[in-house]
Amino acid sequence: MDHEADAYRTDLMTITRFVLNEQSKYPESRGDFSILLSHIVLGCKFVCTAVNKAGLAKLIGLAGETNVQGEEQKKLDVLSNEVFVKALVSSGRTCILVSEEDEEATFVEHSKRGRYCVVFDPLDGSSNIDCGVSIGTIFGIYMVKDDHDPTLDDVLQPGKHMLAAGYCMYGSSCTLVLSTGEGVNGFTLDPSLGEFILTHPDIKIPKKGKIYSVNEGNAKNWDAPTAKYVEKCKFPKDGSSPKSLRYIGSMVADVHRTLLYGGIFLYPADKKSPNGKLRVLYEVFPMSFLMEQAGGQAFTGKQRALELIPEKIHERSPIFLGSYDDVEEIKALYAAEVKGE
């Protein structure tokens with residue numbers, strides 16, 4: 001890659017231009033979706049700036065409250081949540097918002113109501129802020145049918161009904177990965193322009209990877225298929241090389257690496273967390289949507305992740321996602337377990 005020539009490229013595909021190009025494929029489109037995405041992008045830029053200043057601005061201390069998940073809220077969590085809620089409401093295109101930080105769903109007032117539901121985790125991995133580990137925002141978008149007033153059932157839908165999903169990772173660079181149901185594209189924020197530029201067009205996850213990503217500290221509580229799979233990663237019986245373990249502990253960063261390099265990310269159920277720990281609506285669904293769009297798979301231990309029907313907005317689920325062949329292996333182990341019962 002000629003980096004010097006790249007630095008002076010004049011034909012830049014910004015995320016705005018990209019979304020408008022996609023919109024032009026649908027002549028009946030009113031542009032609502034493009035407007036909604038532009039407000040999400042604005043929220044991401046704001047949070048990116050806040051994260052970069054966190055150490056200086058004393059934003060990293062505890063805000064003193066505990067969120068609905070029982071985690072102590074950091075000031076940045078609170079700030080990010082407010083930024084996204086305000087950006088989404090002011091877009092005039094949303095009707096229901098579900099945030100990891102808020103116990104109840106937010107129903108947008110009638111005068112500002114649109115036809116989209118947005119589910120999001122405003123700052124995933126925020127306990128890592130103090131040590132400089134990558135953190136991020138995760139979001140998913142559903143559409144509400146026009147024929148009724150929105151209710152919670154409009155959000156409690158299987159992930160396969162999502163229109164779009166994505167995440168923005170605040171790390172060594174600020175990267176936004178997005179899918180509107182036609183493949184996955186990655187954009188990187190150019191700070192000098194204040195614009196997200198298309199840097200990773202049409203991301204495809206390798207069919208099989210060399211990395212597995214799991215919190216092995218929970219190993220004593222795992223079920224048999226997970227334990228067997230991890231054992232197989234470390235001590236393969238077929239003469240292949242063992243997989244490498246990489247675990248950051250920030251879902252956005254772990255999934256981002258899995259998407260680009262291949263492999264598998266696991267957060268299984270265990271004796272301590274029988275339903276797993278990751279939340280279905282705004283962690284499991286958006287990441288599973290992206291994985292499938294990139295040619296990978298996502299599985300809960302019982303079914304395809306995107307077919308799960310949530311009953312509560314903060315419901316949790318186990319998740320295994322990543323390269324197609326790697327997820328196929330864990331599916332086979334769970335199928336054998338069911339057969340053996």
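Residues numbered from 1 in each chain as written. Predicted model: local features only at pLDDT ≥ 70, side-chain atom pairs only at ≥ 80, totals over all residues. Heavy atoms only, no water.

Now for the environment of serine 90. Secondary-structure assignment places serine 90 in helix α4 (residues 75–90). As for serine 90 and valine 108, which are separated by 18 residues in sequence, their C-alpha atoms are 9.6 Å apart. A distance of 2.9 Å separates the side chain of serine 90 from the backbone oxygen of lysine 86, its partner in a polar contact. (Helix = DSSP H or I, 4+ residues; strand = E, 2+ residues; numbered from the N terminus. Polar contact = N/O pair within 3.5 Å; in protein donor to acceptor, adjacent residues only side chain to side chain.)

This part is about the pattern of salt bridges. The tally for this structure, following the rule as stated, stands at 19 salt bridges. Measuring nitrogen to oxygen at the nearest pair gives 2.7 Å for the salt bridge that ties arginine 279 to glutamate 100. Of the two residues, arginine 279 sits in strand β14 (residues 278–279) while glutamate 100 sits in the loop between β3 (94–99) and β4 (106–107), which places them 179 residues apart along the sequence. The two residues arginine 279 and glutamate 100 agree in class, both being buried. Between aspartate 202 and lysine 204 there is a salt bridge, and its shortest N-O distance comes to 3.5 Å. Aspartate 202 gets classed as partly exposed once you look at its relative accessible area, which sits at 45%. Overlapping salt bridges bring together Lys208, Lys232, Lys243, Asp326 and Glu329 as one network. (Salt bridge = Lys/Arg side-chain N within 4 Å of Asp/Glu carboxyl O. Buried < 20%, exposed > 50% of the residue type's maximum accessible area, 1.4 Å probe, protein only.)

Strand pairing within a sheet occurs via backbone hydrogen bonds; the two strands may be parallel or antiparallel. Ordered by their spatial adjacency, five strands build an open sheet running β12-β11-β13-β17-β15, and the pairing between neighbours is mixed. The open sheet has two edge strands, β12 (244–245) and β15 (297–299), and neither has a second partner. Sheet analysis places β15 next to strand β17 (residues 319–322), joined by three bridges and oriented antiparallel. When the sheet's bridge partners are listed, alanine 298 is paired in β17 with leucine 321. Here helix α7 (residues 280–293) sits on the sheet and contacts β15 and β17; the angle it forms with β17, its principal contact strand, is near 30 degrees. (Pairing = 2+ DSSP bridges. Contact = heavy atoms within 4.5 Å. Axes fitted to C-alpha atoms, helices over the stretch in contact; angles between N-to-C directions.)

None of the figures reported here should be taken as evidence of function without further support.
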